[in-house]
Amino acid sequence: MMDILTRHEMSRRGLLAGTGALIVSFSTIRALAQEIPSAAPEKPKLPGSLDDDRYLDSWIRIDSDGKITVFTGKVELGQGIGTALIQVAAEELEVDPSEITLVTADTGRTPDEGFTAGSQSMQNSGTAIRNAAAQVRGLLIAEAARRFNLPPDQLRAKKKSVSGPDGRSTTYGELVSGQFLHVEAQPQSQLKQPDALSIIGRDVQRIDIPGKVTGAAAYVQDLRLEGMVHARVIRPPSYGATLKDIDATAAAAMAGVISVIRDGSFLAVVAEKEWQAIKAMRAVEKAAQWDEPATLPEQTDLAAALTALEKDVGTVAESGHPSFPNGAIYEATFTRPYQMHGSIGPSCAVAHLKADGSLDIWSHTQGVFPDRGAIAQMLAMPEEKVRVIHMEGSGCYGHNGADDAAADAALIAMKIPGRPVRVQWMREQEHMWEPYGPGMVSKVRASLDASGRIDNWTYDVWSNTHSTRPGNAGSLLAGRAKEQPTPLEPPKLSISPNGSGDRNADPLYAIPNRRVLWHFLPDMPLRVSALRGLGAYANVFSIESAMDELAIAAKADPVEFRLRHLEDDRASDVVKLAADKFGWGRGEVPSGHGRGFAFARYKNRAAYLAVALEAKIERETGRVQVLRAVAAIDAGQAVNPDGIRNQTEGGILQSISWTLYEAVTFDRTRITSTDWASYPILRFGSVPESVEVHILDRPGQPFLGTGEAAQGPTCAALANAIRNATGKRLVDLPLSRNRVKEATRLG
């Protein structure tokens, strides 16, 4: 139980005459924190992101009129996090979710929670907000108890009021009148018990959907500011190209053109109207002369090109003494190509250099504070003069071009003071210049003992880093192209619990003798960064493909084989649930069909997910059609079950697309997959007939995150279904029509 703070224990800085608000707000923290001496050299760890912003007023504001505002440093990417965060706050504050206004990442208003990545929003921000809200509720009750001269345990908070057994009641707004509460959070909170929850665990309509379906300004692409001008950037034709010469006279004279900007190899045009900017951009493209060397590897033998770049090796996991005296019973090498985000809406940003010399930027970046730091460095401006405000982007996840578009807009806005500048990328620019998910190579060796259990396992993965997010100014395209460039910081091998290229490289299964190595590639022939799941997608594909082959060698059912190697009951539970709901082992598999199963716990420390699916394989064409998929997920305490289902369904569909279709293509000089024809994705006609998601709710358990749990298991289950149907193991992604057709021809 949380200790209820008394009035005497509250900060003496809590009085703000005339505001009439319990400002649970970010704006005054830094100034006030300097005046409050540390109570101890080492402060106790606080839940979630509270440990980074320790004062309750980083997270919640209550005004004298009862208006409640919740602040988060995380961003809405379409994953529904805004709705879930409102739910946890509303639950603990005892108010309806509609009573809460959520402010997402904004360097001028919210806590710094770094990046929204790794399915950690609920773990970090959700945990912080829930605990902050519970503690604020406790403080409100304590203040009402003082006024009523009653014990706090006789009072109840409900519907923005605190009431006593004698009928007296006071509103939250009345309680905070004349007070400013700046209180450091406590390590323990009096959270509501699982059986008392009425909002957490309930399907709630997402707050972001109405605007998106009614044509409101839902995305940064929709933002229109008074006096705004339109800009387009002219990108080099390839990575290694440098600008030799440009005659922009004709473009500068075109109707509506305000400026043609050159800063080193950075080229841009600014015009009054968007179509004018596009026409001027095309004119500058024709006039620009580039020096363009061939710097890319041979795509036809990408695996050899990647493994040749190895510079360092790190041990991810090791136990026992793996050895294969009689040879490995199974050995295979798997590959993953470079894959792109392929955001449906190309990247966009708006920047405004104001009269006071400060710069406002609206961006769909996933890290407003890191992006602010990189942009401030690029412009040689103090960070406090740069404000980055998050707005959703249409089709935004992972590290796509959002940060780069923000930097483009910022650099151009410095040349056009006083007018907001909107930068919109073109489709080919998004496909050519976004940071891709890295190409990877992995090798599995494993053997079985006499009882049919895995006794030896080695796993080697060759991969770049999976994150070049800002970072310094060198992580931004504009920062590297300008006259005085900032180089990209060289990546370093770093093995952490969350993982990068090594994410999920260590199987969760009980194997006595194992060794897992990350062969690190510091050189990046193609631009790479965080694509959803990082290395987990390829690593789970490799591991779960090997698990099926070992099950076949052991003459065991694939589900039973996995269960015999799982010691975590929660892992076993999702495997059993997915198998049961799918009907695994029941009924005949039709000719030309295959069934596959796979499991992983994301990052080995987040959500558990198992999936079974059935696919139809057309031998004549090589086309694979997933007919149905059934998943079971344990994401800890379920806040919004509908949101968990949506995220899991989306992850399954995205993984099917990655697995069957997607690969960046290039020659020795340029990226060649510049549109949807050259970079195909899953189309509506190939969507499964049925996708089921079954949630194992764990009331009272920590939030585990959802958004990236399905990608790896779905890929592996699909590969296992193709193996089941054809008898051939495909090891190179994507599992394209040509590869499937060739496998069936040889089968």
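What comes next is a walk through the structure.

What follows covers the sheet that holds strand β16 (residues 359–363). In space, the seven strands of this open sheet follow the order β10-β11-β8-β18-β15-β16-β17, with mixed pairing throughout. At either margin of the open sheet sits one strand with a lone partner, and together these are β10 (257–263) and β17 (386–390). The sheet shows a mean angle of 20° between the axes of neighbouring strands, taken without regard to direction. With five bridges connecting them, β16 and β17 associate as parallel partners. For Ile 361, the partnering residue across the bridge sits in β17 and is Val 388. Contacting β8 (229–234), β10, β11 (266–271) and β18 (421–424), helix α7 (residues 274–287) runs over the sheet at an angle of about 25° to β8.

A word on the nonpolar core. In this structure, Trp 457, Phe 597 and Phe 599 are the most contacted members of the largest nonpolar core, which totals 87 residues. Leave out the neighbours within four places in its chain, and Phe 597 touches Asp 548, Val 559, Arg 562, Val 575, Ala 578, Ala 579, Trp 584, Ala 610, Val 611, Ala 612, Ala 717 and Asn 720. Counting residues in each nonpolar core, the second largest holds 58 residues, with Ala 231, Tyr 338, Leu 477 and Phe 666 among its members.

As a further point, take the packing of helix α13 (residues 536–553) against helix α17 (residues 711–726). The interhelical angle for the contact between α13 and α17, taken along N-to-C directions, is 40°, at an axis separation of 8 Å. When the axes of α13 and α17 are compared, the pair comes out oblique. Like other packed secondary-structure pairs, α13 and α17 cross with a definite hand, here right-handed. Residues Ala 536, Tyr 537, Val 540, Phe 541, Glu 544, Ser 545, Asp 548, Glu 549 and Ile 552 of α13 form the contact with α17, whose own contacting residues are Gln 711, Gly 712, Pro 713, Cys 715, Ala 716, Ala 719, Asn 720 and Arg 723. Broken down by class, the residue content of the contact of α13 with α17 amounts to nine nonpolar, four polar and four charged.

What follows covers helix α15 (residues 569–582). The end-to-end C-alpha distance of α15, which contains 14 residues, comes to 20 Å, matching closely the 20 Å that a straight helix rising 1.5 Å per residue would cover. Along α15, the residues classified as buried are Arg 570, Ala 571, Ser 572, Val 574, Val 575, Ala 578, Ala 579 and Phe 582. Tucked inside the fold, the buried residues of α15 contact α14 (558–563), β22 (593–601), β23 (608–617) and β24 (624–634). One side-chain oxygen of the residue at the start of α15 lies 2.9 Å from the amide nitrogen of Arg 570, identifying that residue as Asp 568. Downstream of α15 by one or two residues, Gly 583 has phi in the positive range, about 85°.

Read across the sheet, four strands follow the order β22-β23-β24-β25 without closing on themselves; strand pairing throughout is mixed. The open sheet terminates on both sides in strands that have one partner only, identified here as β22 and β25 (690–695). Pairwise comparison of adjacent strand axes, ignoring direction, gives a mean angle of 15° for this sheet. In terms of strand pairing, β22 meets β23 through nine bridges, oriented antiparallel. What sits directly across from Ala 600, in β23, is Leu 609. Relative to β25, helix α16 (residues 641–660) is tilted by about 135°, and along the sheet it contacts β23, β24 and β25.

The next subject is the pattern of salt bridges. Enumeration over the complete set of coordinates arrives at 47 salt bridges. Here Glu 91 ties to Lys 192 by a salt bridge, and the two come within 2.5 Å at their closest N and O atoms. Here Glu 91 is found in helix α2 (residues 81–93), whereas its partner Lys 192 is found in the loop between α4 (172–176) and α5 (209–214), with 101 residues between them in sequence. Here Glu 91 falls in the buried class, since its relative accessible area comes to 1%. Classification of Lys 192 as buried rests on a relative accessible area of 13%. Across the salt bridge formed by Arg 422 and Glu 274, the nearest N and O atoms sit 3.0 Å from each other. Here Glu 274 lies in helix α7 and Arg 422 lies in strand β18, a separation of 148 residues in the sequence. Taking the relative accessible area as the measure of exposure, Arg 422 reaches 2% and is therefore buried. Overall, Glu 274 belongs to the partly exposed group, its relative accessible area being 25%. What you see here is one network of salt bridges that share partners, running through Lys 43, Lys 45, Asp 51, Arg 54 and Glu 184.

Cis rather than trans, the peptide bond between Pro 470 and Gly 471 has omega equal to -10°. Mapped onto the fold, Gly 471 is located in the loop between β20 (454–463) and α12 (477–481). Despite not being glycine, Lys 159 shows a phi value in the positive range, around 50°. As for its placement among the helices and strands, Lys 159 is situated in the loop between β5 (156–158) and β6 (161–163).

About the cut-offs
- Residues numbered from 1 in each chain as written.
- Predicted model: local features only at pLDDT ≥ 70, side-chain atom pairs only at ≥ 80, totals over all residues.
- Heavy atoms only, no water.
- Pairing = 2+ DSSP bridges.
- Helix = DSSP H or I, 4+ residues; strand = E, 2+ residues; numbered from the N terminus.
- Axes fitted to C-alpha atoms, helices over the stretch in contact; angles between N-to-C directions.
- Contact = heavy atoms within 4.5 Å.
- Core = buried A, V, L, I, M, F, W, Y, C linked by side-chain atoms within 4.5 Å.
- Buried < 20%, exposed > 50% of the residue type's maximum accessible area, 1.4 Å probe, protein only.
- Parallel < 35°, antiparallel > 145°, perpendicular 65-115°, else oblique.
- Left-handed = near helix turned anticlockwise from the far one by under 90°.
- Nonpolar A, V, L, I, M, F, W, Y, C, P; charged D, E, K, R; others polar.
- Expected span 1.5 Å × (residues − 1).
- Polar contact = N/O pair within 3.5 Å; in protein donor to acceptor, adjacent residues only side chain to side chain.
- Salt bridge = Lys/Arg side-chain N within 4 Å of Asp/Glu carboxyl O.

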